[in-house]
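Report on the structure
The primary structure of each chain is shown beneath.
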Amino acid sequence: MKSSKIIGVGSHVPEKIVTNDDLAKIVDTSDEWIKTRTGIEQRRVTDDQTSTSDLAIKAAQKAIKMSGIDPKDIDVVVVGTCSPDTLFPSVSCIVQNAVGAVNASALDVSAACSGFNYALSVASNFISLGTYKTALVIGADTLTKYLNWQDRNTCVLFGDGAGAVVLKQTEKGSGILANYLYADGTGKEFLVMPGGGSRNIRPKDEEERCISMNGKEVFKFAVKALENSLVNVAKLAGVKLEEISLVIPHQANVRIIDHVVKKLGIPKERFFVNLQKYGNTSSASIPIAIDEAWRGGKIKKGDIIAIIGFGAGLTSGANILKWEV
Ligand code: ACO
């Protein structure tokens, strides 16, 4: 068995910034409420002409550039997304063509906000088994397109973006040390995006088309799921929690992160948080955070990093890795 390591990382967010004050003009909310209940201060929002693959391609090009590989050497493109441009073709096929990964197979993975952890696990297992040697893994979403801007319970939470990594085969014991994935379909009603699905192909209004959420239930699941994911992935990797230099959690709500910090007793400074700038970018939140943490000097060669997330489904997932760049 082999392992896989990240050799390139990149991210991209749309230019348009929507602040909490902007939202307070269209829905009954306030900057104070959103900041204290979620930690979010602003988010990036795509225009009507920009799709998920447009963001994914830009993030992928940056990751490929950093890795120094020839796109022809990519064996597989795996994209975690729940807001594909179309039901088919997949976002991964669109990216494969755009970046010139002419020898790669391509698949999308649907696990909502857990998408990047699922996609990374799929790709790293292909590499560990020796099926492939090089993978492009992306988390990309444009959930603002599925928001009902009259629903204050959801429209304040989400933003758009994409993040990508290039994975390369390495020896066991370095790079990605363990993956842990989990799902609990009994919670399928708590977070739903019916738009575009075969259950209701002609939604009669925004309420039927857009994201609906039971925030309290998702919150309860998230706290437990993040805690369990981190404990389980660390156990699988043979790593003690105190050996982890940086935990990169899914960037949904700072109060969810605070609960996990308290529960696990890991110092808050070891949790990376950038949700104040982007809101919840779904599958993109973790790879955007990895990119920012690395470029900001918060990750050094040899560090043990844990990435932990949760999402609709309900799903959760984690990967633990030794940073090799
Ligand atoms: N502005 C002002 N008031 C609001 C807003 C808002 N934007 N949203 C809700 N409220 C009100 C509610 O109507 C309620 O009023 P009421 O008491 O008169 O009924 C009050 O605020 C309290 O509402 P709660 O739902 O109890 O607020 P809570 O503290 O639970 O926070 C929140 C809500 C932020 C949504 C929280 O539950 C949460 O973060 N849940 C997790 C959501 C999440 O992470 N989703 C993404 C999952 S990832 C994926 O796969 C997409």
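Residues numbered from 1 in each chain as written. Predicted model: local features only at pLDDT ≥ 70, side-chain atom pairs only at ≥ 80, totals over all residues. Heavy atoms only, no water.

With that settled, consider the site of the ligand. Around the ligand there are 26 residues in total, and Thr 29, Arg 37, Cys 113, Lys 216 and Asn 253 lie nearest to it. Between an oxygen atom of the ligand and a side-chain N or O atom of Asn 253, the distance comes to 2.7 Å. A distance of 2.7 Å separates an oxygen atom of the ligand from a polar backbone atom of Ala 312. When the ligand is considered free in solution it has 1,000 Å² of accessible area, and contact with the protein chains removes 75% of it. The leading source of residues in the shell around the ligand is helix H8 (residues 215–237), at 4 residues. Each residue belonging to the shell around the ligand can be placed in one class, and the counts come to 13 nonpolar, 8 polar and 5 charged. (Near = heavy atom within 4 Å. Polar contact = N/O pair within 3.5 Å; in protein donor to acceptor, adjacent residues only side chain to side chain. Areas by Shrake-Rupley, 256 points an atom, 1.4 Å probe, with all protein chains shown as cover. Helix = DSSP H or I, 4+ residues; strand = E, 2+ residues; numbered from the N terminus. Nonpolar A, V, L, I, M, F, W, Y, C, P; charged D, E, K, R; others polar.)

Across the sheet, which stays open at both edges, the 4 strands sit in the order E8-E13-E12-E11 with mixed pairing between neighbours. Unpaired on one side and paired on the other, strand E8 (175–183) and strand E11 (246–249) mark the two borders of the sheet. Sheet twist, expressed as the average angle between the axes of neighbouring strands with direction ignored, equals 10°. Pairing analysis gives 4 bridges linking E11 to strand E12 (residues 304–311), with the strands arranged parallel. Its bridge partner lying in E12, Leu 246 is registered against Ile 305. The sheet contacts of helix H5 (residues 115–129) involve E8, E12 and strand E13 (315–322), and relative to E8 the element is tilted by about 125°. Lying on the sheet, helix H11 (residues 285–295) is in contact with E11 and E12; it crosses E11 at an angle near 145°. (Pairing = 2+ DSSP bridges. Axes fitted to C-alpha atoms, helices over the stretch in contact; angles between N-to-C directions. Contact = heavy atoms within 4.5 Å.)

Bringing the domain arrangement of the protein into the picture now. Domain assignment breaks the protein into domain 1 (3–173) and domain 2 (176–322). Computed over C-alpha atoms, the centres of domain 1 and domain 2 are 14 Å apart. Of all residues in domain 1, the largest losses of buried area upon contact with domain 2 belong to Cys 113, Asn 117 and Tyr 146, amounting jointly to 16% of the total for that side. Counting the contacts that link domain 1 with domain 2 gives 0 salt bridges. Where domain 1 meets domain 2, there are 28 residue pairs in polar contact (both at pLDDT 80 or more). Mapped by element, the contributors of at least two residues to the side of domain 1 that touches domain 2 are strand E1 (3–12), helix H2 (31–38), strand E3 (42–44), H5, strand E6 (134–142), helix H6 (152–155) and strand E7 (160–170). Among the elements that take part in the side of domain 1 that touches domain 2, H5 stands out by supplying 8 residues, more than any other. Across the side of domain 1 that touches domain 2, the residue classes break down as 22 nonpolar, 24 polar and 8 charged. (Domains from an automatic or database assignment. Buried area = accessible area lost by both parts, 1.4 Å probe. Salt bridge = Lys/Arg side-chain N within 4 Å of Asp/Glu carboxyl O.)

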